Amino acid sequence: MSAASCLRSEDQFLCSICLDVFTDPVTTSCGHNFCKNCITEHWNSNDQYLCPICKKVFKTRPELHVNTLFSEVVSQFRQEAQQKASSSSSEQQAAKSGEVPCDVCTGTKLKALKSCLVCLTSYCETHLEPHLTVSGLKRHQLMDPVENLEDRMCMKHDKPLELFCKTDQTCVCMLCPILDHKTHEFVPLKEEYEGKKAELGKTEAEIQQMIQKRRLKIQEIKHSVDLSKEDADREKAEGVQVFIALMESVERSLNELIEMIEEKQRTTEKQAEDFIKELEQEISELMKRRSEVKQLSRSEDHLHLLQNFPSLKAAPPTKDWTEVSVCPPSYEGTVVRAVTQLEETLSKEMNKLLGEAELKRVQQYAVDVTLDPDTAHPELILSDDGKQVNHGDVRKNLPDNPERFTRYTDVLGKQSFSSGRFYFEVQVKGKTDWDLGVARESINRKGQITLSPEDGNWTIWLRNGNEYSACNDPSVCLSLKSQLQKVGVFVDYEEGRVSFYDVDAAALIYSFTGCSFTEKLYPYFSPSLNDGGKNSAPLIICPVNQTE
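Scope of this entry: the structure provided in the associated data block.

The rules behind each value
Residues numbered from 1 in each chain as written. Predicted model: local features only at pLDDT ≥ 70, side-chain atom pairs only at ≥ 80, totals over all residues. Heavy atoms only, no water. Helix = DSSP H or I, 4+ residues; strand = E, 2+ residues; numbered from the N terminus. Rg over C-alpha atoms; globule rule 2.2 N^0.38 Å. Buried < 20%, exposed > 50% of the residue type's maximum accessible area, 1.4 Å probe, protein only. Contact = heavy atoms within 4.5 Å. Areas by Shrake-Rupley, 256 points an atom, 1.4 Å probe, with all protein chains shown as cover. Lys, Arg positive; Asp, Glu negative; His and termini not counted. Charge placed at Lys NZ, Arg CZ, Asp CG, Glu CD. Pairing = 2+ DSSP bridges. Patch = residues over 30% accessible without salt bridge, like charges linked within 9 Å, V, L, I, M, F, W, Y side chains within 5 Å. Salt bridge = Lys/Arg side-chain N within 4 Å of Asp/Glu carboxyl O.

1. Description of the overall build of the protein chain
Check the secondary structure of the protein chain and you find nine helices and 23 strands. A compact globule built from 548 residues should have a C-alpha radius of gyration of about 24 Å, whereas the protein chain, at 48 Å, is more than 25% larger. If one aligns the C-alpha atoms of the protein chain with their principal axes, the spans along those axes are about 175 × 85 × 50 Å. By residue count, 32% of the 548 residues in the protein chain fall in the buried class. Taking the intrachain contacts of the protein chain between residues at least 6 apart in sequence as the baseline, contacts between residues at least 24 apart amount to 57%. Split by element, the accessible area of the protein chain, about 34500 Å² in all, is 52% carbon and sulfur. Across the protein chain, 66 positive and 86 negative side-chain charges occur, with their mean positions spaced 2 Å apart.

This is the structure in structure tokens:
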């Protein structure tokens, strides 16, 4: 323990709010320590429950408990500091450079503990004893040791400086008001001292607050750097993944190109080999016939020649090779076609990889969304956990409160957002009609609603099972390769952007950009009418499983 205590620094045991040693230290879930009373007062005086160091926002006020182990360490540190201070104060020390020496000591001058304004002398612990015990000396005014006590005497009247002239802003003796400052305003030194001390206290508090703000700013900057490094590392990893996939695709295309060219060459060589083999076989047969003809022509046997002449007079049957040739395959345009195909492949691959990276990026802003029954149209059926909604055909008898939609089958999420980024996912599988997006707080809940940004909602919809549109002004038809099963909704409040994603395909569906948000935004859902059971499937708010 002694080795560990040697390594301790005072900063480890200072609360970043009060800048003093921790009292009843508590630890937030983000890992930072504060005095229990300091963080409690901090949260009482702010609208949000956030960590003063890293700015992490807590949705609900954390329940704080004293960190028992850390509290014991702080207590031990406090005791060690007090013991050190106590032991140092009890030891007699020789005056060092910059310290006030005792005026009475002969030989080695010990460090003075007090100075007497009456005797104009500084005393060490030993020589101070009479001022603490002799009744006459007890009335003398003692103070922390100072040098040049003669400077505390009026140079003109050789009297102690006991008053403060507020007119001239200077210290004077008791004779000065009578002789030299007759019309001036005076106060006792102690009174002016208390005033100036109070001013210094305010200055100290202001400086302490400035120090606190700068320490918090340092923590904030360090936290920003950490976040930046995390983002940089993530972007590098995603970049490496994308480019490796692209390089592998290029390598595959190159191998396919080479294999195709080599296959054509092999086919040409095989054809040539077959022709040559057939020609060589015919040559062999012709040479054999020529030898037989030559031998018969030299025969002097009249009968033998005449008997064999019919079978040898003509050449053996052979193939007509006049039109036969080996045409080298044409490679013209092969590389161009391969590059064009590669371009298409790379484009698809890149869009897929970038879509996955983009979806993964926005999924980190996932929030827990639940449906608000106080806003639900009376014909809607909400699940007990507030995660599912579908149309029930029957209109329930519900209070017509101002928040409730009464004309259209809509419902909002309980959670509202007025800054930052947020993301949620909704399963739309099995439905033929639905609306989905976000809406501002002042959206019309009783009368006509036009789905457009001008009327305070940013949505996409499905109609007739296969007609997708972005509800802009004018509306935008969305051409999708497959039916949507799960839709991701992302909002960047400050950037003014609302984006929709096909979660299964990891692809961007549509983005509203350049939006100007001035109100709270709420998740917006409409399962549309039941349509005789054709559209009975519910909209389901799903937990976000980040893509790998």
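2. Thoughts on the pairing of strand β19 (residues 486-492)
Along β19, seven of the seven residues are buried, which leaves the element largely enclosed by surrounding structure. Burial along β19 is two-sided: K486, G488, F490 and D492 and V487, V489 and V491, pointing in opposite directions, are all buried. Examined bridge by bridge, strand β14 (residues 421-427) and β19 share seven bridges and lie antiparallel to one another. By the bridge assignment, E425 is partnered in β19 with G488. Note that β19 and strand β20 (residues 497-502) share six bridges and pair antiparallel. Bridge assignment links V491 to a residue of β20, and that residue is V498. Hairpin connection of β19 to β20: four residues between the antiparallel strands, including G496 at a positive phi of 75°.

3. A short note on the environment of E238
Tracing the backbone shows E238 in helix α7 (residues 189-297). Accessibility expressed as a relative area gives 9% for E238, which makes it buried. Expressed as a C-alpha distance, the spacing of E238 and L353, which sit 115 residues apart in the sequence, is 8.9 Å. Ignoring sequence-local partners within four residues, the contact set of E238 consists of A357 and K360.

4. Remarks on the sheet that holds strand β17 (residues 467-470)
One open sheet holds the six strands; their spatial order is β13-β22-β15-β16-β17-β18, and the pairing between them is antiparallel. The open sheet is flanked by β13 (411-412) and β18 (476-478), the only strands paired with a single partner. The pairing of β13 with strand β22 (residues 521-526) spans two bridges and is antiparallel. Its bridge partner lying in β22, L412 is registered against Y524.

5. A word on the environment of D502
You can see D502 is positioned in strand β20. Given a relative accessible area of 9%, D502 falls into the buried group. For D502 and L480, which are 22 residues apart along the polypeptide, the C-alpha to C-alpha distance reads 9.4 Å. Excluding residues within four positions of it along the chain, D502 makes contact with S482, L484, K486, A507 and I509.

6. A look at a nonpolar patch on the surface
A cluster of nonpolar side chains, V240, F243, I244 and M247, forms an exposed patch at the surface whose accessible area comes to about 410 Å². Relative to the assigned elements, M247 resides in helix α7. Given a relative accessible area of 54%, M247 falls into the exposed group.

7. Some remarks on the pairing of β22
Judged by how many residues are buried, β22 sits mostly within the fold: six of six residues are covered. With six bridges connecting them, strand β15 (residues 434-440) and β22 associate as antiparallel partners. Looking at the pairing, G437 lines up with Y524 of β22.

8. Some thoughts on the pattern of salt bridges
One side chain can pair with another of opposite charge once the charged atoms of both are near each other. The full count for this structure, using the stated rule, is 19 salt bridges. Ionic pairing is found between R289 and E292, a salt bridge with its closest N-O pair at 3.7 Å. In this pair, R289 and E292 both sit in helix α7, three residues apart, roughly one turn of the helix. Take E292: its relative accessible area is 32%, and that puts it in the partly exposed class. Between D400 and K446 there is a salt bridge, with the nearest N and O atoms lying 2.6 Å from each other. Placement of D400 in the loop between β12 (388-391) and β13 and of K446 in the loop between β15 and β16 (457-463) is noted, with a sequence separation of 46 residues between them. Under the relative-accessibility criterion, D400 is labelled exposed at 56%. Judged by relative accessible area, K446 falls into the partly exposed class, the value being 33%.

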